[in-house]
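Each chain is listed here by its residues.
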Amino acid sequence: MSDTSKGKSVNIIVLTVSDTRTNENDKSGDTLAKRLKEAGHHLVEKRIVKDELSLLKDVLKEWINSSEVDVIIATGGTGVTGRDVTPEAFESLYEKPIPGFGELFRWLSYQNIKTSTIQSRATAGVANGTFLFALPGSTGACKDAWDMIIVHQLDSTHKPCNLVELMPRLMEK
């Protein structure tokens with residue numbers, strides 16, 4: 001985390017969870033990377049990982065244990081099909097879930113896609129002082145989650161409160 005004219009800049013990983021996406025067609029991951037840079041944050045890494053529970057957990061653990069990573073934002077794998085394992089991977093690593101994120105995301109998503117929002121298992125939590133967000137794989141869902149929730153919570157000047165101001169205290173016992 002460092003200071004910028006827009007407040008504090010945080011170090012963010014963008015993870016696309018997919019068996020089919022490539023660097024050439026990862027529109028959702030690209031959308032998140034572009035938006036976080038425009039907000040003054042630092043993109044540490046952008047990676048695509050297959051929908052494999054053990055592989056996904058290993059990658060997340062690597063980043064969670066890095067002092068260089070403040071936030072991990074994943075796109076994909078949050079649906080209800082057999083290959084969708086992102087929530088299971090994320091939730092198995094949470095020390096503290098942030099249930100309000102998924103609730104708010106689905107409420108906002110309902111404005112655009114109506115009852116189809118029930119198919120999303122978007123989730124967020126904290127692990128080892130790192131914030132984790134798991135978003136659906138659609139570009140629209142990523143735009144909605146970033147533009148209406150995450151950008152504000154990662155803005156250290158957002159009032160009445162934001163997640164950035166909590167970062168120094170996440171490891172308190």
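This text goes with the structure placed above it.
Residues numbered from 1 in each chain as written. Predicted model: local features only at pLDDT ≥ 70, side-chain atom pairs only at ≥ 80, totals over all residues. Heavy atoms only, no water.

Participant: Got a minute to help me understand the nonpolar core in this structure?
Facilitator: For soluble globular proteins, nonpolar side chains are generally found buried alongside one another. Ranked by size, the top nonpolar core spans 28 residues in total, and within it Val 71, Ile 73, Phe 101, Phe 133, Ile 150 and Leu 154 carry the most contacts. The set of elements that each furnish at least two residues to this core consists of strand E3 (11–17), helix H1 (27–38), strand E5 (71–75), helix H4 (99–113), strand E7 (123–127), strand E8 (130–135) and helix H5 (139–153). A per-element tally of this core places H5 first, with six residues. Residues Leu 15, Val 49, Val 69 and Ala 127 belong to the second largest nonpolar core, which totals 19 residues. (Core = buried A, V, L, I, M, F, W, Y, C linked by side-chain atoms within 4.5 Å. Buried < 20%, exposed > 50% of the residue type's maximum accessible area, 1.4 Å probe, protein only. Helix = DSSP H or I, 4+ residues; strand = E, 2+ residues; numbered from the N terminus.)

Participant: How should the packing of helix H2 (residues 53–64) against helix H3 (residues 86–93) be read in this particular structure?
Facilitator: Contact pair H2 / H3: the axes reach a minimum separation of 9 Å and the direction vectors enclose 40 degrees. When the interaxial angle is binned, H2 and H3 end up oblique. In this structure, H2 meets H3 at a crossing whose hand is right-handed. Judged by residue contacts, Leu 53, Leu 56, Lys 57, Leu 60, Lys 61 and Ile 64 of H2 engage Thr 86, Glu 88, Ala 89, Phe 90, Ser 92 and Leu 93 from H3. Of the residues assigned to the contact of H2 with H3, the class counts are seven nonpolar, two polar and three charged. (Axes fitted to C-alpha atoms, helices over the stretch in contact; angles between N-to-C directions. Parallel < 35°, antiparallel > 145°, perpendicular 65-115°, else oblique. Left-handed = near helix turned anticlockwise from the far one by under 90°. Contact = heavy atoms within 4.5 Å. Nonpolar A, V, L, I, M, F, W, Y, C, P; charged D, E, K, R; others polar.)

Participant: How do you make sense of the packing of aromatic side chains when you look at a structure like this?
Facilitator: Geometry of an aromatic ring pair is reported as the spacing of the ring centres plus the angle between the planes. This structure, assessed with the given rule, holds two aromatic pairs. Summarising the aromatic geometry, the rings of Phe 101 and Phe 105 are spaced 6.4 Å apart at their centres and angled 20 degrees between planes, so their arrangement reads as stacked. Of the two residues, Phe 101 and Phe 105 are both situated in helix H4; the distance of four residues between them amounts to about one turn of the helix. A single burial state applies to Phe 101 and to Phe 105, both of which are buried. Pairing Phe 101 with Phe 133 gives two aromatic rings, centres 5.1 Å apart and planes at 70 degrees, and the pair type is edge-to-face. Highlighted residues: Phe 101 in helix H4 and Phe 133 in strand E8, separated in sequence by 32 residues. (Phe/Tyr/Trp six-rings, centres within 6.5 Å; stacked < 30°, edge-to-face > 60°.)

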